[in-house]
Amino acid sequence: MAEFNNQIPQDPDIEDPDDIAVTLELDDGTVLECGILSIFTVNGQDYIALLPFNEKEQLNTDAPAMLYRYYEDDDENGSVEYIESDEEYALVEKAYFDVLKEEGL
């Protein structure tokens with residue numbers, strides 16, 4: 001299970017989520033830079049789909065999307081949280097695949 005030290009930077013000049021990098025620090029000390037694929041809502045909770053960057057600083061399309069709970073504070077600073085239950089993860093994963101279908105991906 002991973003613990004994260006992750007704040008999603010808020011920049012008023014950034015309108016496209018693809019332009020925002022998210023830094024995840026895993027409990028083993030590994031640091032992953034990721035891009036945002038989608039932010040979506042399931043049963044009133046926001047979730048985020050992330051994809052790590054490769055060594056060329058491009059989204060690693062060979063890697064699976066990583067799904068997390070997504071929160072924003074009163075100042076609209078975002079953070080993510082690990083999804084611990086298998087049932088919740090399965091529900092979120094299905095919703096994410098539905099989002100992909102809707103977007104024609």
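Residues numbered from 1 in each chain as written. Predicted model: local features only at pLDDT ≥ 70, side-chain atom pairs only at ≥ 80, totals over all residues. Heavy atoms only, no water.

**As for the overall build of the protein**
Summing up its helical and strand segments, the protein has one helix and six strands in all. Its helices and strands in sequence order give the protein the pattern β-β-β-β-β-β-α, from N to C terminus. Expressed as a percentage of its 105 residues, the buried residues of the protein come to 33%. Here the contacts in the protein between residues at least 6 apart in sequence split such that 35% fall between residues at least 24 apart. (Helix = DSSP H or I, 4+ residues; strand = E, 2+ residues; numbered from the N terminus. Buried < 20%, exposed > 50% of the residue type's maximum accessible area, 1.4 Å probe, protein only. Contact = heavy atoms within 4.5 Å.)

**Remarks on the pairing of strand β4 (residues 45-52)**
Looking down a regular strand, the side chains alternate between one sheet face and the other. By the criterion of burial, β4 is predominantly enclosed, with seven of the eight residues buried. Hairpin connection from strand β3 (residues 31-42) to β4: two residues lie between these consecutive antiparallel strands, with N43 at a positive phi of about 50°. As defined by bridge partners, β4 adjoins strand β5 (residues 66-72) across four bridges and the pair is classed as antiparallel. What sits directly across from A49, in β5, is L67. (Pairing = 2+ DSSP bridges.)

**Quick look at the confidence of the model for the protein**
Low-pLDDT portions of the prediction should not be read for the details of their coordinates. Put simply, the protein has an average pLDDT of 81, and 80% of its residues get 70 or more. Predicted confidence for residues 1-14 stays below pLDDT 50, and this span has 41 contacts to residues more than four positions away or in other chains. (pLDDT = per-residue confidence, 0-100.)

**Some thoughts on a negative patch on the surface**
On the surface, D46, E72, D73, D74, D75 and E76 cluster together to form a negatively charged patch. You can see E76 is positioned in the loop between β5 and β6 (78-81). (Patch = residues over 30% accessible without salt bridge, like charges linked within 9 Å, V, L, I, M, F, W, Y side chains within 5 Å. Areas by Shrake-Rupley, 256 points an atom, 1.4 Å probe, with all protein chains shown as cover. Salt bridge = Lys/Arg side-chain N within 4 Å of Asp/Glu carboxyl O. Lys, Arg positive; Asp, Glu negative; His and termini not counted. Charge placed at Lys NZ, Arg CZ, Asp CG, Glu CD.)

**Description of the packing of aromatic side chains**
This structure, assessed with the given rule, holds three aromatic pairs. A centroid spacing of 6.0 Å and a plane angle of 45° characterise the contact between Y96 and F97, whose relative ring orientation is tilted. Of the residues examined, Y96 reaches a relative accessible area of 8% and is grouped as buried. Through pairs of rings, three or more aromatic residues link up here, namely F40, Y47, Y96 and F97. (Phe/Tyr/Trp six-rings, centres within 6.5 Å; stacked < 30°, edge-to-face > 60°.)

**A look at the pattern of salt bridges**
A complete count under the given rule lists three salt bridges for this structure. The partner of R69 in a salt bridge is E81, with the nearest N and O atoms 2.4 Å apart. Here R69, found in strand β5, pairs with E81, found in strand β6; they are 12 residues apart in sequence, far enough to count as distant. Note that K94 is salt-bridged to D98, the shortest N-O span being 3.1 Å. With a gap of four residues between them, K94 and D98 both fall in helix α1 (residues 86-102), about one helical turn apart. One salt-bridge network, in which partners are shared between bridges, spans R69, E81 and E88.

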